[in-house]
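Inside the fold
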Amino acid sequence: MSSAAEQFTSNFDIRNFAKADELKKRLLFTLGALIVYRLGTYIPIPGVNPEVFGAAFQSQQQGILGQINLFAGGAIERMAIFALNIMPYISASIIMQMMTAMVPSLEAIKKEGEQGRRQINHYTRMLTVALAIVQGLFIAQTLMTTNSNGLPAVSNPGIFFMATTTITLVGGVMFLLWLGEQITARGVGNGISLIIFAGIIAELPRAAAFLLEQAKSGQINAGVIIAIIIGAIAIIAFVVFMERSQRRLLVQYPRRQQGNRMTQGEKSHLPLKLNTSGVIPPIFASSLMFLPATAVGALGEGAPLWLQNLAGLFTPGQPLYMGLYAVGIIFFCFLYTSIVFNPSDTADNLKKYGGYIQGYRPGPRTAEYIDFVLTRLTVIGAAYLTAVCLLPEILRSQSNGSIPVYLGGTSLLIAVTVTLDTVQQIQGYLLAQQYESLIKKSRLRGAKR
């Protein structure tokens, strides 16, 4: 059963878009901010020879580095100032959310309202800087050990290069964090998500060119390309269906007496999303899978043999990689869902306002039932995320790398979910505009009378 707002939104007139001046300003600001982000992915880090590093990168673009480069919008391949992208902030946010659920003092700060939220955001920024410094040092060390055809990627390696590179990369992360917040406040959609989305979408033409080049050289036939396109469309449709799926628990409110009149008991719904955790589990699981390769790249030839072997096992397409990736997705699905949705708090809120689920007493029994339903929904959601993320990996391993890394399940999942959220927000602005126009018309009619 759709709500009145959903029914009204489905019938909105597209002509209202021309009247929505505020929405057009927000869309233009969002577009301009994303253009600034894309320009930054082409500005190389000082002291790095982009051509030498690009040549060294080509041999690893279908592996772990290719996946990291995808989320960075190609900035790693060009070793640009935005090479770290916004990933340190995402990792810091997830870590802080876990810590607020496990550390009582942080949980108490979180419950302090707006002031507590600002304090948690401050801690998240500090952790973001720390993670960006560590990752920046790793990248600087990797650059100093990278060479192609005997030519080094860095002409003057040393402490000064490590310091300037780390400062540049950390500054790029913090600038993107500020830019994302500006998009959220003055644009349309979630700024952080849109930055990742823009990087992924920008790499899609390269995926198409890669497929056409393979078809031209005879490495892949036209039937396989058609199958890849159909498969991508099917995955997108499946993701849209699963992301919009909900389990609605019927909530009953008792009758209330207003003066001498007894009002009828109201019915409402408690919507539980099939995938409560969103795209966080694949992103965080992917970041953990990158650690061995990142460590080997930073240590260079001095990396221990066991670490090099471990990094080889964690290559996309390897059984160990896919197995641990699936375990990581499932684990973070349950962990993140338990953090963002508390059945006990939901049951207490229902009890506070007099609501109850038929057949269950308000309080602990209601919380147990909500947890029972949520657990089973999370099982389905975790299986869905695992299938979407692993199926392209399996196909790519079976095709010996003929399917580009840009067509991975995680990238499609992020692109589709961000698009859905952004479109929903645009519909909200159009709906508000339509309400305003109806109110103005009713006032004009009242004035004429």
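Residues numbered from 1 in each chain as written. Predicted model: local features only at pLDDT ≥ 70, side-chain atom pairs only at ≥ 80, totals over all residues. Heavy atoms only, no water.

As annotated in an unreviewed UniProt entry, the protein carries the name Protein translocase subunit SecY and comes from Aquisalinus luteolus.

This part takes up the overall build of the protein. The helix and strand tally for the protein stands at 19 helices and seven strands. Here the protein, with 449 residues, has 44% of them falling under the buried criterion. For the protein, the proportion of contacts with a sequence separation of at least 24, taken over those separated by at least 6, is 74%. Of the roughly 24000 Å² of accessible surface on the protein, 62% is carried by carbon and sulfur atoms. (Helix = DSSP H or I, 4+ residues; strand = E, 2+ residues; numbered from the N terminus. Buried < 20%, exposed > 50% of the residue type's maximum accessible area, 1.4 Å probe, protein only. Contact = heavy atoms within 4.5 Å. Areas by Shrake-Rupley, 256 points an atom, 1.4 Å probe, with all protein chains shown as cover.)

Moving on to the packing of helix α13 (residues 280–289) against helix α16 (residues 319–340). Where α13 contacts α16, the two axes come as close as 8 Å, and the packing angle between them is 135°. It follows from the interaxial angle that α13 and α16 lie oblique. Remark: the crossing between α13 and α16 carries right-handed chirality. Counting all contacts with α13, which are made through Ile280, Pro281, Pro282, Phe284, Ala285, Ser286, Leu288 and Met289, the residues of α16 involved are Tyr321, Leu324, Tyr325, Gly328, Ile329, Phe332, Cys333 and Tyr336. Looking at the contact of α13 with α16 residue by residue, the class counts come to 14 nonpolar, two polar and no charged. (Axes fitted to C-alpha atoms, helices over the stretch in contact; angles between N-to-C directions. Parallel < 35°, antiparallel > 145°, perpendicular 65-115°, else oblique. Left-handed = near helix turned anticlockwise from the far one by under 90°. Nonpolar A, V, L, I, M, F, W, Y, C, P; charged D, E, K, R; others polar.)

This next bit is on the state of the cysteines. Across all of its chains, the model carries zero disulfides by this definition. Cys389 supplies the cysteine sulfur nearest to Cys333, a cysteine that is in no disulfide, at a spacing of 8.8 Å. The exposure class assigned to Cys333 is buried, which follows from its relative accessible area of 1%. A relative accessible area of 1% means that Cys389 is categorised as buried. (Disulfide = S-S within 2.5 Å.)

Non-glycine residue Met79 carries a positive phi angle of around 45°. Locating Met79 in the fold gives a position in the loop between α5 (64–71) and α6 (87–102). Taking the relative accessible area as the measure of exposure, Met79 reaches 3% and is therefore buried. Of note, Asn85 is a non-glycine position whose phi angle comes to about 55°, a positive value. Along the chain, Asn85 turns up in the loop between α5 and α6. Judged by its relative accessible area of 1%, Asn85 falls in the buried class.

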